[in-house]
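Descriptive structure summary
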Amino acid sequence: MPSIPLQRTLALSSLVYAASLWGLVWYPYRLLSEAGVGGIASSLFTYATPLLLIGWLHGRVLREARGHWLWLAAIGMTAGWTNLAYVLAVLEGEVVRVLLLFYLSPLWTVLFARFLLHEKLNRAGWAVMALAAGGALVMLWQPGEWPLPANRAEWLGLSAGVMFAASNVISRHLEGVAEGAKAVSVWAGVAVLTTIGLAFRPAELGFMADAAPATWLLLLGVGIAIGSMTYAVQYGLARVPANQAIVIFLFELVVAAVAAYFLSDERMGVQEWVGAVMIVTASLFSGHMENDQSKETHHV
């Protein structure tokens, strides 16, 4: 059994690892899209890979968690939408803008944590909320228009952030449930949602008839990476409070911004940078959002 300092170091490292891979994984999904694999189909195959390869190893912990299956299903649906919406958003939109809307998560975390974990905001918490909301307004503002996401990709990124906050809070609520059970729930949630999506867009499976071996290998590789990231996130969230975890996840923004600069030649304007700084600053201070009493009660 690792010592507490070592366990915390492993938990923080797991979150940094997951954030780094999430900042890069959009690129292989774009390569798959260029090879004719749509976002719903690629999500199904990459999340079904860990579910089929190693999901069965967690049968025992799933049985032990049968009293929590409703909450595990909630994790599956919220985390499932988070991952599917993220993939679809980065395929269609500008990576960094999508991620900035995604990282309005502290706003939504406050709402979900208030009702599910009974955490109350202090003054710093209200300031963080105002800063995050202000950053979004600055980034999205256009003369004569409402400051709302400009296209479907940005709406998907925003909705992914809402569901990310919900899944993190639910994961904290299920402190006694094994990480393996939560990981299987995530993979199964994406598999269910993508299967429903493909029922409406069956043409996305057309690539299977003549897909090159390299395409199948890329799907397998991304699936393995997804599996490792899910484990890393669940391990870290079980040992690091959600509002501190969101700060670590911000490393994804740095990785994604650098990768987007070199791999897709994306650039942000001054207005977007100002909004980005406000959102990132809000997330950096999100660990000070609750009263001390509720923080002591709900730390994991």
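What counts as what
- Here the residue index of a chain counts from 1 through its sequence in written order.
- Local features in a predicted model are, by the rule used here, given only for residues with pLDDT of at least 70; side-chain atom pairs are given and counted only at 80 or more, and totals for whole chains, interfaces and linings are based on all residues.
- The side-chain values count all of the structure's non-hydrogen atoms but skip hydrogen atoms and water molecules.
- Put simply, DSSP H or I for four residues or longer makes a helix, DSSP E for two residues or longer makes a strand, and each gets a number counted from the N terminus.
- Exposure is judged per residue with a 1.4 Å probe applied to protein chains only, and the accessible area is read against the type maximum: over 50% gives exposed, under 20% gives buried, and values in between give partly exposed.
- Between two residues, a contact is recorded if the distance between any of their heavy atoms is within 4.5 Å.
- Only the protein chains shown count as cover for residues, and the accessible areas themselves come from Shrake-Rupley with a 1.4 Å probe.
- Expected span of a helix: the number of residues minus one, times 1.5 Å.
- Nonpolar core, defined: a set of buried Ala, Val, Leu, Ile, Met, Phe, Trp, Tyr and Cys residues in which side-chain atoms within 4.5 Å join the residues together.
- The pairing test for Phe, Tyr and Trp rings, Trp by its six-membered ring, is centres within 6.5 Å, and the orientation test on the planes gives stacked under 30 degrees, edge-to-face over 60, and tilted for anything in between.
- In our convention, an over-ring charge means Lys NZ or Arg CZ found within 6 Å of a ring centre and within 35 degrees of that ring's normal.
- Without a salt bridge and with relative accessible area above 30%, a residue can belong to a patch; like charges are then joined within 9 Å and nonpolar side chains (Val, Leu, Ile, Met, Phe, Trp, Tyr) within 5 Å.
- Salt bridge, as used here, is a side-chain nitrogen of Lys or Arg placed within 4 Å of a carboxyl oxygen of Asp or Glu.
- For every residue, the predictor states its confidence as a pLDDT score lying anywhere from 0 to 100.

In this section: the overall build of the protein chain. Looking only at helices and strands, the protein chain has 15 helices and zero strands in total. Within the protein chain, buried positions represent 52% of all 300 residues. For the protein chain, restricting intrachain contacts to residue pairs at least 6 apart in sequence, the fraction spanning at least 24 positions comes to 90%. Approximately 13,800 Å² of the protein chain is accessible, and the part contributed by carbon and sulfur atoms is 69%.

What follows covers helix α13 (residues 251-263). Between the first and last C-alpha of α13 there are 18 Å, a value that for 13 residues agrees with the 18 Å anticipated at 1.5 Å per step. Looking one or two residues past α13, Asp-265 carries a phi angle of roughly 60°, positive in sign.

As a further point, take the nonpolar core. Trp-26, Tyr-29, Tyr-86, Tyr-103, Leu-104 and Phe-249 are the most contacted members of the largest nonpolar core, which totals 70 residues. In terms of nonpolar packing, the next biggest core, distinct from the first, is built from 10 residues, Leu-72, Ile-75, Leu-174 and Val-186 among them.

Tallying each qualifying case throughout the model produces nine aromatic pairs. On the numbers, 5.5 Å between centres and 90° between planes, the contact of Trp-187 with Tyr-231 is edge-to-face. On the criterion of sequence distance, the pair formed by Trp-187 in helix α10 (residues 179-200) and Tyr-231 in helix α11 (residues 213-237) is long-range, its members being 44 residues apart. Since its relative accessible area comes to 27%, Tyr-231 is described here as partly exposed. With 5.5 Å between their ring centres and 40° between their planes, Phe-207 and Trp-216 make a pair best called tilted. Accessibility expressed as a relative area gives 6% for Phe-207, which makes it buried. One aromatic cluster is present, formed by Trp-22, Tyr-86, Phe-102 and Phe-164 through successive ring pairs. If you follow Arg-239 out to its NZ or CZ, it ends over the ring of Tyr-235, 3.8 Å from the centre.

Here we take up a nonpolar patch on the surface. A grouping of Val-16, Phe-251, Val-254, Val-258, Tyr-261, Phe-262 and Leu-263 is seen on the molecular surface, where their side chains present a nonpolar patch of about 650 Å² in accessible area. Considering each element in turn, the nonpolar patch owes the most residues, six residues, to α13. Within the element layout of this structure, Val-16 appears in helix α1 (residues 4-24).

Across the protein chain, the average pLDDT comes to 83, with 88% of residues at 70 or higher. Predicted confidence for residues 292-300 stays below pLDDT 50, and this span has 18 contacts to residues more than four positions away or in other chains.

Looking at helix α2 (residues 26-34), one finds that the buried residues are Trp-26, Pro-28, Tyr-29, Arg-30 and Leu-32. Within two residues after α2, Gly-36 carries a phi angle of roughly 100°, on the positive side.

Opposite charge on two side chains makes pairing possible when the charged atoms of those side chains draw close. Applying the stated criterion across every chain, the model contains five salt bridges. As a salt-bridge pair, Glu-154 and Arg-97 come within 2.6 Å of each other at their nearest N and O atoms. In this pair, Glu-154 is assigned in helix α9 (residues 152-173) and Arg-97 in helix α6 (residues 95-102), connecting sequence segments 57 residues apart. This pair shows no difference in class: Glu-154 is buried, exactly as Arg-97 is. Taking the shortest distance from any N to any O, the salt bridge between Arg-239 and Glu-179 comes out at 2.8 Å. With a gap of 60 residues between them, Arg-239 in the loop between α11 and α12 (242-249) and Glu-179 in helix α10 connect regions that are remote in the sequence.

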